[in-house]
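As a plain string of letters, each chain reads:
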Amino acid sequence: MSDVQAGERGSGEAQAWIGLGSNLDGPHERIVQALAALERLPLTRLESASRRYASRPVGPQDQPDFVNAVAAVRTRLSPLALLDQLQALEQQHRRVRERHWGPRTLDLDLLLYAKERWQHPRLTLPHPEMARRAFVLLPLAEIAATLVLPDGRRVAEAADELAMGLAADDVRAV
Ligand code: ROI
């Protein structure tokens, strides 16, 4: 049995949301390529993708601005099998992560997987930081405004609240 088959869910498709980010070596093009690569994942369909957003770095400021986006997929892969696929894509971009919260060529975060709540050494679902990050919530609001977050708020509502605390060019669609 291949790894993909081993990671196949027993029952139907799950909807999952993926956050994309890059701030090194042609980040716009990398995000476009990564979205195209998501379309080719096994047992997975890319359903929708946000525009790209330029965003100031959260964390150390002595690094380039990021380009972020969020994608929705429907998949028959299990959460860990999907994570394996995302990490393989990161490696294809020779992901470098020289320091914690430093610049990176490509970051693919599994944000939500259906309504799953998971605590696993490799994966926490929902992504623990997502509701605090404007570079996640603003693009997510574009494609999933009515989605309900684990804290009960709708994405659009949570994104509006975060946006109020932002400067005009902190996170902007490009
Ligand atoms: N900051 C922004 N704006 N976008 C990111 O994708 C991003 N990713 C990270 C850290 C370094 C926390 N900062 C970020 O991992």
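Quick note: structure is the one above.
Here goes a summary of the coordinates provided. Just so you know, these numbers come straight off a predicted model, no measurement behind them.

On to the environment of L147, then. The topology assignment puts L147 in the loop between helix 4 (134-144) and helix 5 (155-164). In this structure L147 comes out as buried when scored by relative accessible area, which is 19%. Between the C-alpha atoms of L147 and I18, which are 129 residues apart in sequence, the distance is 14 Å. Among residues more than four places away in sequence, those in contact with L147 are W17, L112, L140, R153, R154 and V155.

Two numbers describe how helix 4 lies on helix 5: the axes approach to 9 Å, and their chain directions differ by 140 degrees. One way to sum up the angle between helix 4 and helix 5 is to call them oblique. Remark: the crossing between helix 4 and helix 5 carries left-handed chirality. Residues A134, L137, L138, L140, A141 and A144 of helix 4 touch helix 5, and the partners they reach there are V155, A156, A158, A159, L162 and A163. Residues of the contact of helix 4 with helix 5, tallied by class, amount to 12 nonpolar, no polar and no charged.

The next thing to look at is the pattern of salt bridges. Applying the stated criterion across every chain yields a total of 11 salt bridges. Its salt-bridge partner being E142, residue R51 comes within 3.3 Å of it at the nearest N-O pair. With a gap of 91 residues between them, R51 in the loop between strand 2 (44-49) and strand 3 (53-55) and E142 in helix 4 connect regions that are remote in the sequence. Residue classification places E142 among the partly exposed positions, given a relative accessible area of 34%. A salt bridge links E129 to R132, with the shortest nitrogen-to-oxygen separation between them at 3.1 Å. Where salt bridges share partners, they join D151, R153 and E161 into one cluster.

Calculation criteria
- Residues numbered from 1 in each chain as written.
- Predicted model: local features only at pLDDT ≥ 70, side-chain atom pairs only at ≥ 80, totals over all residues.
- Heavy atoms only, no water.
- Helix = DSSP H or I, 4+ residues; strand = E, 2+ residues; numbered from the N terminus.
- Buried < 20%, exposed > 50% of the residue type's maximum accessible area, 1.4 Å probe, protein only.
- Contact = heavy atoms within 4.5 Å.
- Axes fitted to C-alpha atoms, helices over the stretch in contact; angles between N-to-C directions.
- Parallel < 35°, antiparallel > 145°, perpendicular 65-115°, else oblique.
- Left-handed = near helix turned anticlockwise from the far one by under 90°.
- Nonpolar A, V, L, I, M, F, W, Y, C, P; charged D, E, K, R; others polar.
- Salt bridge = Lys/Arg side-chain N within 4 Å of Asp/Glu carboxyl O.

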